[in-house]
Amino acid sequence: MITPIAYPFLHAHWPQVAELTASVLDLDRRFADYRAAHPELRAEFRLWADVLDQLIELEYDDETHRALRCAWWRAVEDCLGQDGTRQWLWSVVSGFCALRANHPAFANAGDSSHGYEETRLDRMGVLLEMQQRLSRNLLSTPELYDYPATPDLFEQLFACTLAGLPTNRMGYYDETPPNSSDNHLALFRQVVSGVLHFDDNGIWLPQGGGIGLPVQPGRSLHAIEHQRRLLIDGVRANGAEVGAISTFCRQWPDSAPYELLSWQMDDWPPAMLPLRETLFELLLLDPQTRSLHWLSDEIEPELSTRICGYRAYLHVLRQLGTALHDATLGSEELQNLLAPFARNNLLDPGWTRDQAEEASAIAELASYPPRVLHLLVEKAGWSGDGAQRALLPALGKAQLLDISHRCRELMIDAPADEPRGDVAVLRSTLQALPSEDWALLSNAMLSKELAGLTAALRGDDSSAIEKSALKKHAHLAIMSLGLLPLPAEQQEALCQQRYLQLKELHQLASKYGAERCANQREAVQIGLANLAANAGFSSLGALEWAMESRQGEELQAFFAPQAIGDYQAHIRLAGDDSGIVIVNAKGKTLATPPAAIKKDPDWLALKDAWDTLKEQRRRFRAVLDEHLVRQTRFSGEQLDAARAHPVLYDLISKLVWVDDAGHCGLYQLGQLSGLDDFHDIEGNLRLAHPLEWMSDGTLAAWQQHAVALQLLQPIQQIFRALYVPTPAELESGTVSQRYAHRWVKTRIAAGIFRQRGWRPSGDSGDAEHHRPLGEGYSANIDFDCDAHYFTEVDTLQTTGVTFRQDSQDVPLASVPPILFSEAMRDLDLMIARSLVNDTEEFTSGETLAARHALLQALTPALGGERLRLDERHAHVTGRLANYRVNLASAHIHIEPGAYLCVIPDWSQAQGKLRLPFEDSDIRTAEIISKIVMLLDDDRIRDESILRQIRMQVAPA
């Protein structure tokens, strides 16, 4: 991009700062040491590239490098002074493209790209790359460097963005709280004036002057929303003349802050009321594309996506004129009249505090035919509070407004992770409702599903609902099962019975195809959540914990030794050694049950109890994994209740939890055992996700801690593979091509999809699959498919992966990191296991990183200094030879390069070390077993392996 900004400060001081950086980072010594350690690397660029990889680790919060990071900025400050350092950092942020322009390693990098060509790297290329990284991170994460925070970080970055200047990929989206600082208002004034001011080093000048660059508002959703937020902050503070703001809005209508129309009239600054008229005018000029966005719940007065009051609402109806009173128009024709205005909530107004306006609207609406008012109730939707406040009184049925609110507030048709209300209070009201009012409520004001569920709540035809759920597996009936009345005298027994019925329906769903299986299991979860509310539990988790704990209490007796014939037997929980322990009269533990007790009723009861516990354990491992994905919150009381159940407590005590105060640790008798100390629990708890540790630099510490404790986690948590968007994905917008163009076996893929909670999108067997992830998000993967359904053909080719929120595609950059990582982890598993060509290796970088981290943590237990890791290999120093094990394929090469054929045997490793989680993929197990074998290669007895080794190490 051609810009009048020349960056003289940057060019003048670069040679000095470059050498200063080289000195602080000890670059020349690092290079010399690395060259001496790797004589096999002849290409100098390769050496520089590897040294750069080492230096990039400085970006992470690692105490080993913290002193170097602090020394770097202090050295720059000693050289340039405090103001000069700030000027230098900002110049690097916006002027790095100019600084690197003449270096060949960056010749093909665009204005917004920070990539480099390894084959052209040299000393100066490394310094350039490190300079931009250190400067960027110093400004964005000053706490890692003990550097003073920059108070106007957002304003500087946003000004560069709006002027079309580079920002070195520094994000400003997380730095935008509602703001009324002087610089924030100065930026607002410059934006509405149409000109932004910078000095010749690319630093934005709040006071004006310098070089004026025209405002270029962004077109992306994020950019538009942040432009609107800036304008809203300025309006709230009366930061500019209303005429200038209105002129800007007319010039850039996409950036106009229509969200202000959701304010109540008395929330507006009086001087800004003309802007309200401008916004109404612009919105109504193009109602099908201009809309109110959800920006933040931190802004006061509160914003929403509904226009406050009835001005626009009645304006639309008046525009339609006499057509709405035309009795000859059919329902479809009326629908077509209203359709253009239904978009963007124009027919769903927000409520108003102005009672006179509401009363006037009711009076005007009462003049319309009832069929039009009924249709408007439908158009407003079941959450259309503002419209219903006027429409229902106009119909003479104001009492239904409160009842509809109470029905919706129960959330009995919402996903299971949404909280429910008190169902008992509403039941009698619904039962007393006249049939005409019930018809209006259920047909026009509630969704079909919610109407069916409220019918169950009324007690309508309970026996038919139960039969439909248990015999026909009808999904609405399954959801309704949890709402059927629970008479007080039978509540505990009926609750347990329906809980077990719903759990059985969950298991029975596996006999159906992918879509129906997913739908039935979702219905079961909703039914369970409804049962929890109906029985008075605070959440589904509380119900599950109570019901399972009750079963655990019933099974406690089986953990104490009991006489069965001439033997003593009991259940023991001890990790891998869990099971039924049988001891004979001489005190000897038997490996198998003797024939004498196999038909004994006490033995059969003990065996059934063990089978029940195993099934509970299997079920709760899956439940805990889903709670990790969805970041479900639990109370301390819920976890404490699990102590009564030996299996549940055994599971939760091996996982790392985090409370509302941010304390992180293993759950131990009501406390969190962290890396260094115990913490009392504050607030609720959720399972910690390793992405959090990767962000704060403690991931390796937790991994080492798990190995030191010989922790055996029931699910992969601490050593979970982590996935983050690549630069290419972030630049691509909404579609990831990470797993595109892979041919997979559909039946294997379908099984993995079903297991991991993915379901076909649309009609039965649709090739596209999606997984709900929580927070309104879902992940979606499509296939190049001309078949009628997914498994009609044996193989299909993958296409792109997208993420949606409320059914709308969203930029990959805006997807919550945990949800992105978990969806990509599922798809990685699907591709790896269902790839058509079994000889083709597919191992993602994330899987390699997870294996590398696992081996790094296990190195002391495996071989210490005799095991060395690089990015793709484990280097093993054996007693007969040296070896290289590929972390992707598990192939072995005898150094320097001869292939060694070995059949994997995981049992060799089991006696030597203990993995910190229960489930390991086959390839990881194979790699570890081979490393264990090669470390003790002098003990190998397989002659075919020994012969291969001797051929390579024998003297020439």
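What you see as residue numbers is a count from 1 along each chain, following the sequence as written. A pLDDT threshold of at least 70 governs which residues receive local features in this predicted model, and a stricter bar of 80 or more applies before side-chain atom pairs are shown or counted, although totals over entire chains, interfaces and linings include all residues. As a rule here, side-chain values cover all heavy atoms of the structure and leave hydrogens and water aside.

Let us now look at the sheet that holds strand E21 (residues 882-886). What makes two strands pair is DSSP finding at least two bridges between them. Runs of H or I in DSSP of at least four residues are treated as helices and runs of E of at least two as strands, each being numbered from the N terminus. In spatial order, the strands read E19-E20-E21-E22-E23; together these five strands make up an open sheet with antiparallel pairing. Two strands in the sheet have a free side with no partner beyond their single neighbour: strand E19 (867-869) and strand E23 (898-900). With strand direction ignored, the average angle separating the axes of adjacent strands in the sheet is 30 degrees. Bridge analysis of E21 against strand E22 (residues 892-894) gives three bridges, and the strand direction is antiparallel. In the sheet register, arginine 884 faces E22, and the bridge partner there is histidine 893. Note on geometry: axes are C-alpha line fits, over the in-contact stretch for helices, and angles between N-to-C directions span 0 to 180 degrees.

Turning next to the pattern of salt bridges. Think of a salt bridge as a Lys or Arg side-chain nitrogen and an Asp or Glu carboxyl oxygen that are within 4 Å of each other. Evaluation of the coordinates by the stated rule reveals 42 salt bridges. Linking glutamate 19 and arginine 123 is a salt bridge whose minimum nitrogen-to-oxygen distance equals 3.0 Å. Here glutamate 19 is found in helix H1 (residues 8-24), whereas its partner arginine 123 is found in helix H5 (residues 123-140), with 104 residues between them in sequence. Two residues, arginine 633 and aspartate 660, come together in a salt bridge whose shortest N-O distance is 2.8 Å. Of the two residues, arginine 633 is situated in the loop between helix H25 (601-630) and helix H26 (636-641) and aspartate 660 in the loop between strand E7 (656-659) and strand E8 (664-668); the sequence distance between them amounts to 27 residues. Residues joined by salt bridges that share partners form a network here, namely Asp625, Glu626, Arg630, Arg720, Arg756, Arg771, Glu822 and Asp826.

UniProt positions are given in the numbering used here, feature names are shortened, and annotations may be inferred rather than shown by experiment. Within this structure's numbering, the places UniProt gives as "domain: DUF4132" (unreviewed entry) are residues 587-758. Between the first and last C-alpha atoms of residues 587-758 the distance is 51 Å; the span itself is 44% helix and 15% strand.

Attention shifts here to the nonpolar core. As used in this record, nonpolar core signifies buried Ala, Val, Leu, Ile, Met, Phe, Trp, Tyr and Cys residues forming a set joined through side-chain atoms within 4.5 Å. Under the scheme applied here, a residue whose accessible area is under 20% of the maximum for its type counts as buried, over 50% as exposed, and between as partly exposed, the area being computed with a 1.4 Å probe on protein chains only. Residues Trp88, Leu196, Phe198, Ile245, Leu260, Leu275 and Leu279 are the most contacted members of the largest nonpolar core, which totals 95 residues. Examining the composition of this core, we find that 13 residues originate from one element, helix H4 (residues 63-100), more than from any other. For leucine 260, the residues in contact, after removing those within four places along its chain, are Ile232, Val235, Trp268, Leu275, Leu279 and Leu303. Membership of the second largest hydrophobic core comes to 76 residues, among which are Phe341, Ala380, Cys407 and Leu453. Contacts between residues were defined by any pair of non-hydrogen atoms, one from each residue, lying within 4.5 Å.

Here the focus is the pairing of E8. With four of five residues buried, E8 lies mostly within the body of the structure. Examined bridge by bridge, E7 and E8 share three bridges and lie antiparallel to one another. Bridge pairing links tryptophan 657 to glycine 665 in E8. Counting the residues in the hairpin turn of E7 and E8 gives four residues, including glycine 662, whose phi is positive at 90 degrees. Here three bridges tie E8 to strand E9 (residues 671-673), and the two strands are oriented antiparallel to one another. Bridged to glutamine 668 within E9 is glutamine 671. A loop of two residues connects E8 with E9, the two strands running antiparallel in sequence, and leucine 669 in this loop sits at a positive phi of about 50 degrees.

Spatially, the five strands line up as an open sheet ordered E10-E9-E8-E7-E11, and their pairing is antiparallel. Edge positions in the open sheet fall to strand E10 (678-680) and strand E11 (685-687), since each of these has one partner strand only. Pairwise comparison of adjacent strand axes, ignoring direction, gives a mean angle of 45 degrees for this sheet.

This part takes up helix H11 (residues 311-320). Residues of H11 that are buried include every one of Ala312, Tyr313, Leu314, Val316, Leu317 and Leu320, and no others. The elements touched by buried residues of H11 are helix H10 (273-285), helix H12 (331-342), helix H13 (355-365), helix H14 (370-380) and helix H15 (385-395). Positive phi appears at glycine 321, one or two residues downstream of H11, with a value of about 60 degrees.

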